[in-house]
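# Inside the fold
Residue-level listing of the chains:
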There are 2 protein chains.
Amino acid sequence: MLTAAGRLLLDEGIQRFTVERVAAESGASKVTIYKLWPSKGALALAGYFATVEQVLEFPDTGDLERDLRTQLHAFVELLTTTKAGPVVRGLISEAQRDPVLMRAYLESYSGPRRRLAVERLEAARAAGQLGPDVDTEAVVDQLWGACYHRLLLPDQPLDTAFADRLLAHLFRGIGHRGRRP
Amino acid sequence: MLTAAGRLLLDEGIQRFTVERVAAESGASKVTIYKLWPSKGALALAGYFATVEQVLEFPDTGDLERDLRTQLHAFVELLTTTKAGPVVRGLISEAQRDPVLMRAYLESYSGPRRRLAVERLEAARAAGQLGPDVDTEAVVDQLWGACYHRLLLPDQPLDTAFADRLLAHLFRGIGHRGRRP
């Protein structure tokens, strides 16, 4: 069911996504689907999450900056070279006017994705690679959130060079070195 | 005209915003308005820009981090305690499906706002307070873009404490001090 939902969403977009079609393509009944996912939005997002999960996996080589770079490059490529970009833009846009979809988005997609990122960051902190005062939730907004900002408002390009700059700023700081304490 | 447009937008939202109403409230003719702003979206955004310009001014006391904190606190307050938050969410959401509104948003609002931020950051670089390799456009996404991310996807709270964390990460870096080069 999740495979069918993710494929349907990425192939045809949220407008053509229906529980009926997921039922038809997966062979499951609508009743079964609604037992597991309370709304069309929740099903679409769970399917999307499952579909992109492998692509967006967090490696752990022991080098945090390198692992984040690997993951962010995959994330940017997903958003810019597949239908994931338009799908995500459509979902975030719809969710602003549809509280049920918003809740589904937060519970079935962005919340779980944030947790995976925070887990990787906390593992790095445990390994002594992240400062004790770092707010790992805010780091999520300064890496992936910054990318979503360019996806939604394309004033400036969203590409892997941008992802590298985001990491450089966070890992080396933006202040002039001579003035740092 | 801009004052009337900004007030109408913040008082009633984008759905009830029309060129007719701006004409009626400002005393200008529709022809005059359309000469200056090619679309309803462009007029709404120019009015919004003019209305929030003073609130979102960039101070320059010579202390970049402090000045950014002042401005970011005002920005977060604007988005969370006035109708600016819902208005901006609505505009960004509509713009994903309306290319004319998207162009107006980029040209009349987010582009000019980015330029003001980049100017302040470049002044700090000229004053020796910003590293030579810093990409000031990417800093915009890691401060204001991170806030828009929480505005649009409220997994985590958007507040002034969050703004302070964003600044701390960028100015002090997230890596563990003992491991920094």
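This is a predicted model, so every value here is computed, not measured.

### Things to note about the interface of chain B and chain A
Each side of the interface is counted separately: chain B has 47 residues, and chain A has 47 residues. Summing both partners gives a buried area of about 4,700 Å² for chain B against chain A, and 57% of it is carried by carbon and sulfur. At the boundary of chain B with chain A, the tally comes to 6 salt bridges. The partner of A:D135 in a salt bridge is B:R165, and the shortest N-O contact between them spans 3.6 Å. Our count for the chain B to chain A interface comes out at 24 residue pairs in polar contact (both at pLDDT 80 or more). Of all the elements, helix α8 (residues 136-152) of chain B adds the most residues to the side of chain B that touches chain A, at 11 residues. Looking at side-chain class alone, the side of chain B that touches chain A contains 19 nonpolar, 15 polar and 13 charged residues.

### Notes on the relation of the copies chain B and chain A
Put simply, the two copies of the chain differ by a rotation about an axis and a shift along that axis. Laying chain B over chain A is done by rotating through 180° and shifting 0.0 Å along the axis; what remains is an RMSD of 0.0 Å. Such a combination of turn and shift is consistent with a two-fold rotation axis. By residue overlap, the copies meet face to face through one surface: 100% of the interface positions of chain B are interface positions in chain A.

### Comments concerning the UniProt feature "domain: HTH tetR-type" (unreviewed entry) in chain A
In this numbering, the UniProt entry assigns the feature "domain: HTH tetR-type" (unreviewed entry) to residues 1-55 of chain A. End C-alpha to end C-alpha, residues 1-55 of chain A measures 19 Å, and it is 71% helix and 0% strand.

Conventions adopted
Residues numbered from 1 in each chain as written. Chains lettered and ligands numbered in written order. Predicted model: local features only at pLDDT ≥ 70, side-chain atom pairs only at ≥ 80, totals over all residues. Heavy atoms only, no water. Contact = heavy atoms within 4.5 Å. Buried area = accessible area lost by both parts, 1.4 Å probe. Salt bridge = Lys/Arg side-chain N within 4 Å of Asp/Glu carboxyl O. Polar contact = N/O pair within 3.5 Å; in protein donor to acceptor, adjacent residues only side chain to side chain. Helix = DSSP H or I, 4+ residues; strand = E, 2+ residues; numbered from the N terminus. Nonpolar A, V, L, I, M, F, W, Y, C, P; charged D, E, K, R; others polar. Least-squares fit on C-alpha atoms with pLDDT ≥ 70 in both. UniProt positions renumbered as here; feature names shortened; annotations may be inferred.

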